[in-house]
Amino acid sequence: MSSTETEYRDLKSAATSHRGDRVFNRTVTLAAFTALAVLAGIAVFLGLQTIPAFESQGLSFLTTTAWDINTDPPTAGIWGMLYGSILLAVVGLVIAVPASLLLSIFMVFLAPKRVATALTNLIDLMAAIPSVILGLWAFYILNPSAEEWQRLLNQYLGWIPIFQNTSGNFLGTPFIAGFVLAIMMIPIITSVSREVLARTPPDLINASEALGSSMWTMLRYVALPYGRGGIVGGVMLGLGRALGETIAVFFVLKIVFEVNWYQIIESGGGSVATLIVSRFGEVSGEFELSLLLAAGFFLFVMTLIVNVIANLIVARTGRLQK
Amino acid sequence: MTITFDAESLPALQEQRIQHPWRKKTPVFTWSVVLATLIPLVIVGALFIWGDIPGALLMTVVYLPLQLIASGFAAFATRGKRGILDSVIIVNAIGATIFSLVILISVIGSLIVRGFSALSAHFIYQNNVYVSPSTPLEYGGIGHAILGTLLIVGISALIAVPIGIATAIYITEVRGRAVPYVRFFVQAMSGVPSVVAGLFVLTIIVATGAFEQGAFAGGLAYAILMLPTVARTAEEVLKLVPDDLRTGALALGSTRARTVFRVVLPAARTGIITAIILGVARVIGETAPLLLASGYADSTIVNPFGGPIAAVPTYIFNNVALPYPDAVARAWASALVLIVLVGILFVIARVVGRGRLSSK
Amino acid sequence: MATAEFGSLDEVGEVELMDSEVSAPVRKETEMSARDVSVWFGKRKVLEGVNIDFPKQTVTALIGPSGCGKSTFIRTLNRLHELIPGAALAGSVLYEGKDIYDRDIDPVHIRLKIGMVFQKPNPFPSMTIRGNVLSGLKLSGMKRSDHDDIVEQTLTSAGLWTEVKDRLGAAAGELSGGQAQRLVIARALAVQPHVLLMDEPCSALDPASTLKIEETIRELSKDVTIIIVTHNMQQAVRVSDYTAFFLAAENEPGHVVEQGATTEIFGNPQDQRTLDYVNGRFG
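Residues numbered from 1 in each chain as written. Chains lettered and ligands numbered in written order. Predicted model: local features only at pLDDT ≥ 70, side-chain atom pairs only at ≥ 80, totals over all residues.

Colleague: How should the overall build of chain B be read in this particular structure?
Modeller: Regarding its fold elements, chain B presents 14 helices and zero strands. N-terminal to C-terminal, the α/β element order of chain B is α-α-α-α-α-α-α-α-α-α-α-α-α-α. Its C-alpha atoms give chain B a radius of gyration of 30 Å, more than 25% over the compact-globule value 21 Å for 360 residues. Across its three principal directions, the C-alpha atoms of chain B cover 100 × 75 × 40 Å. Across chain B, the fraction of contacts at a sequence separation of at least 24, relative to all contacts at a separation of at least 6, is 72%. (Helix = DSSP H or I, 4+ residues; strand = E, 2+ residues; numbered from the N terminus. Rg over C-alpha atoms; globule rule 2.2 N^0.38 Å. Contact = placed C-beta atoms within 7 Å.)

Written out as structure tokens, the structure is:
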């Protein structure tokens, strides 16, 4: 009897052929798609709110910076805020990326095990500090010393354009806001890069040490290239967090409806997330509310893109390393 | 040829002590390290005492470069040219670690120092009804805000925990075809800014009018933020449950559903608790969504649909920038309460999580 | 004990077990049988054309070198095979005269009647010893009131009663490997299966525990039909009435080379490869 002639049974559907399990499966599957439903809901509900914004402002809603609701016709645009979000994020990244990398190098390759474990816990604790507390701290503790630092920067390095300050006011600057964002990003970037660095295969490290490499060459040619993808992903995750951060920035940044292009120690700047909270408290009516919701839509899209890219990078390096 | 062992020529065994030959350091090494540590400290110390330079500036502009140079020399003396770059990395890595720790200590320390002044028993249970920003600290408290936070977090947990665990069950137990997509959406959802979650709930209120600003709306907004954390942590812990147990249960004639509820979830119980705690810790300090979704009130409210309600973060928000020292002191004290809440959750999650690992 | 539950077996006639040249030592009713079973994982065929009959209340040993598909085969007998993604199958497995892979058959019901013990002891860590024994009843939704009797009976059958009767409320994790495996056997017996599949039940255990389990198997075979995968040839001789020898050539699916009474397979094998294998020349 030849068995190859007999019917080939694909058992995929058989695995759930119990009736009770079909109900269970359906319920769980439905729940699993909640995430998609919420994302779609946000996109649709906030997306619809862009219609009144574009109807009244046209494309200049994205390209202008003024926010004069009570004029007739009203003019409002979020360009300055969009640009401001990116400027703050860049300032934050410039501080957070080297600090996080060095911190994770210290934890993985230099610190004794106990110290590394303690540091891991402390960094996790740092990630758990609510942003409202960080904002409170930044407003009362960071502000005065940051003001002093910025004065010194301006005094000695004022000839560099980014350290210009014409108003003499060193509070509410993009630098301070970016610094607060950096404090939020450091735990995120550190925990991701610590993990990828710790996963550097010991074989590779041993091999490079057997070749007489120094710590620097081991990092430069083995560990960092190996973990590069994961580190970039971690940086992107931090960036996503920075773009969406609201309250802490709200406490320290002076929101102005002008574009602050590069003067990071000049008072005044903007960010989309902060715009929403700062205007919401004194919103003039339904029209302005829908403008804020539209701004929220673009914030959502911006962070979604950054996050998706970050997760793709992290997932891809995770797979490569397996 | 005969071989004879001369017992006396062998090293006496009892004289051997435990040794770590690789730990032996040359005098050059020891001196380099000592000098490289002391010289910059002495110079900076002298400048701090007799010079007129602010401490922080001294540390960054004088000490750090000085330490880099000193360490470079020390490295050069002990390991030659290749040691110099290593010393640069080591000094900077230690510097970055100290920088992060200083910030952490500054945040926690300032909370403790400034928060204690307004803290008292009545601060924990009284509400804010008869309190104006200038009312002295003998009156009023954040009882209403603590209650509001608990109510809002409770509502969000009721919504997000079952859905989050079900999502994890879909990924690890049902293992349907959509697993990669579900994972992707959950990760994308974890990146939704908290202010957007608040706006979304606000648009639902505006569009449907089914409910108004209040604890329920705040809970919905929190649930959006909590769900991905619960789902991802629960997924991790369910993956740790060995497949043996699943097949074991199925071989006993169990259905999938019973296997999950009676075997898999109980086996992962502590991990599931960790997932819930991490979810709660993720949202408990969020402010922006509550500003939009639940508003603020000075009175104690227990009805989820009873209109605007206070929570600890929004209470802090409302008091931070007021020009009254007592209001600011109240903000610090509530921040202290909030960080203690977060810290308790954090420690519970760690302890429970450790129990899970050791019981394996 | 389980015999009382045996339903109508009219469909299953008396089957002669051996090929005609070997005279069958006994004739027994067939409990279940595999007909032309071939198995795939994805596109890879791992088992081809397996035909075996399992007589009622006997022990059948499945032997053969690693990777010949015996463990896969035993998992097709109670529909655990299909839980692996990409699993596929041809042929049929008859139990009570019906193909267990028929569309209207509930796999949960099949697994209830055809129990299984695995290589690694897998008691449920979140339950007590007693809870583990009764877990099958809970998990399968069986309603029975005489819980104390079941616990005592099955633990006695599994040869564990005297060791644990004073600490039934203890966590199952406290048991040694051999005890845990006997607990798992008791757990499988509590739902009163007609067939018990054992996939190398002793491979993770020490010799003393192995001996205990072998005694248990001999004892159980008075009531239950047992199919056991084993790498241990002495074990097959000691516990089984019938033996089937599986073999897979390199990159070929496994198949049954020879089957018959255990005494014949080990004493007078017809195939050279069987002779080599049972004498320990390969595998």
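Colleague: Would you mind showing me how to read the overall build of chain A here?
Modeller: Looking only at helices and strands, one finds 12 helices and three strands in chain A. Expected size for 322 residues packed as a compact globule is a radius of gyration near 20 Å; at 25 Å, chain A overshoots this value by more than 25%. Seen through its C-alpha atoms, chain A measures out along the principal axes to roughly 90 × 60 × 30 Å. Taken over 322 residues, chain A has a buried fraction of 50%. Taking the intrachain contacts of chain A between residues at least 6 apart in sequence as the baseline, contacts between residues at least 24 apart amount to 76%. (Buried ≥ 20, exposed ≤ 12 C-beta atoms within 10 Å, placed from the backbone.)

Colleague: Hey, could you run me through the domain arrangement of chain A in this one?
Modeller: Interfaces are frequently sized by the accessible area removed from exposure as the parts join. All names here are of chain A. According to the domain assignment, chain A consists of domain 1 (3-61) and domain 2 (79-321). Centre-to-centre, using C-alpha coordinates, domain 1 lies 33 Å away from domain 2. Here the residues of the side of domain 1 that touches domain 2 are counted per class, giving four nonpolar, three polar and no charged. (Domains from an automatic or database assignment. Nonpolar A, V, L, I, M, F, W, Y, C, P; charged D, E, K, R; others polar.)

Colleague: Please explain the sheet that holds strand 6 (residues 114-117) of chain C as it appears in this structure.
Modeller: In sheet architecture, strand pairing relies on hydrogen bonds along the backbone and comes in two forms, parallel and antiparallel. Residue and element names in this part refer to chain C. If you walk across this open sheet you meet the six strands as 6-7-8-3-9-10, and the pairing is mixed. Each end of this open sheet is capped by a strand with a single partner; those strands are strand 6 and strand 10 (255-261). For this sheet, the mean angle separating the axes of adjacent strands, direction not counted, is 15°. Summarising the sheet, strand 6 and strand 7 (residues 195-199) pair through four bridges and their orientation is parallel. In the sheet register, Val117 faces strand 7, and the bridge partner there is Met198. Along the sheet, helix 6 (residues 177-190) makes contact with strand 6 and strand 7, crossing strand 6 at roughly 170°. (Pairing = 2+ DSSP bridges. Axes fitted to C-alpha atoms, helices over the stretch in contact; angles between N-to-C directions.)

Colleague: What's the story with the pairing of strand 7 of chain C in this structure? I'm lost.
Modeller: One face of the sheet, then the other: side chains in a regular strand alternate in exactly this way. All names here are of chain C. Of all five residues in strand 7, five are buried, a share of seventy percent or more. Burial along strand 7 is two-sided: Val195, Leu197 and Asp199 facing one way and Leu196 and Met198 facing the other are all buried. As judged from the five bridges shared by strand 7 and strand 8 (residues 225-229), these two strands associate in the parallel manner. Following the sheet pairing, Leu196 is matched in strand 8 by Ile226. The parallel pair strand 7 and strand 8, bridged by helix 7 (residues 207-220), forms a crossover whose chirality is right-handed. (Right-handed = clockwise from strand over helix to strand, strands pointing away.)

Colleague: What should I look at first to understand the interface of chain C and chain B in this one?
Modeller: At the interface, 22 residues of chain C touch 18 residues of chain B. Every element with two or more residues in the side of chain C that touches chain B is listed here: helix 2 (107-113), strand 6, helix 3 (129-140) and helix 6 of chain C. If one sorts the elements of the side of chain C that touches chain B by residue count, helix 3 of chain C sits on top with five residues. Residues of the side of chain C that touches chain B, tallied by class, amount to 11 nonpolar, seven polar and four charged.

Colleague: Help me out: how do you make sense of the environment of C:Val117 in this one?
Modeller: Structurally, C:Val117 is set in strand 6. For C:Val117 and C:Ser71, which are 46 residues apart along the polypeptide, the C-alpha to C-alpha distance reads 12 Å.

Colleague: So what exactly am I meant to see when it comes to the interface of chain B and chain A here?
Modeller: Taken residue by residue, the interface counts 69 residues in chain B and 68 residues in chain A. The leading source of residues in the side of chain B that touches chain A is helix 3 (residues 82-115) of chain B, at 20 residues. Residues of the side of chain B that touches chain A, tallied by class, amount to 50 nonpolar, 15 polar and four charged.

Colleague: For this particular structure, what's the right way to read helix 1 (residues 19-32) of chain A?
Modeller: Since the α-helix packs 3.6 residues into each turn, any two residues three or four apart lie on the same face. In a regular helix each residue adds 1.5 Å, so 14 residues correspond to 20 Å; helix 1 of chain A covers 20 Å between its end C-alpha atoms and thus fits that length. Every buried residue of helix 1 of chain A is listed here: A:Asp21, A:Phe24, A:Asn25, A:Val28, A:Ala31 and A:Ala32. The arc enclosing the buried residues of helix 1 of chain A, seen along the axis, measures out at 130°, which places them on a common side. For helix 1 of chain A, the exposed residues set more than 90 degrees away from the buried face come down to A:Arg19, A:Val23 and A:Arg26. Those residues of helix 1 of chain A that are buried lie in contact with helix 2 (34-57) of chain A together with helix 5 (143-174), helix 6 (179-190) and helix 10 (256-267) of chain B. (Expected span 1.5 Å × (residues − 1). Arc of directions from axis to C-beta.)

Colleague: Please clarify how helix 11 (residues 269-283) of chain B should be interpreted in this entry.
Modeller: Residues and elements named next belong to chain B. Look at helix 11: 22 Å from first C-alpha to last across 15 residues, which is about the 21 Å you get at 1.5 Å a residue. For helix 11, the buried fraction is high: 12 of the 15 residues fall into the buried class. Those residues of helix 11 not exposed but buried are Gly271, Ile272, Thr274, Ala275, Ile276, Ile277, Leu278, Gly279, Val280, Ala281, Arg282 and Val283.

Colleague: Even after reading the chapter, I still don't get the pairing of strand 4 (residues 87-95) of chain C, so can you show me in this structure?
Modeller: All names here are of chain C. Most of strand 4 is tucked away, with seven of its nine residues classed as buried. Sheet topology places strand 1 (residues 30-41) next to strand 4; eight bridges connect them, and they run antiparallel. Its bridge partner being in strand 4, Val39 is matched across the sheet by Leu89. For strand 4 and strand 5 (residues 98-99), the ladder comprises two bridges, and the chain directions are antiparallel.

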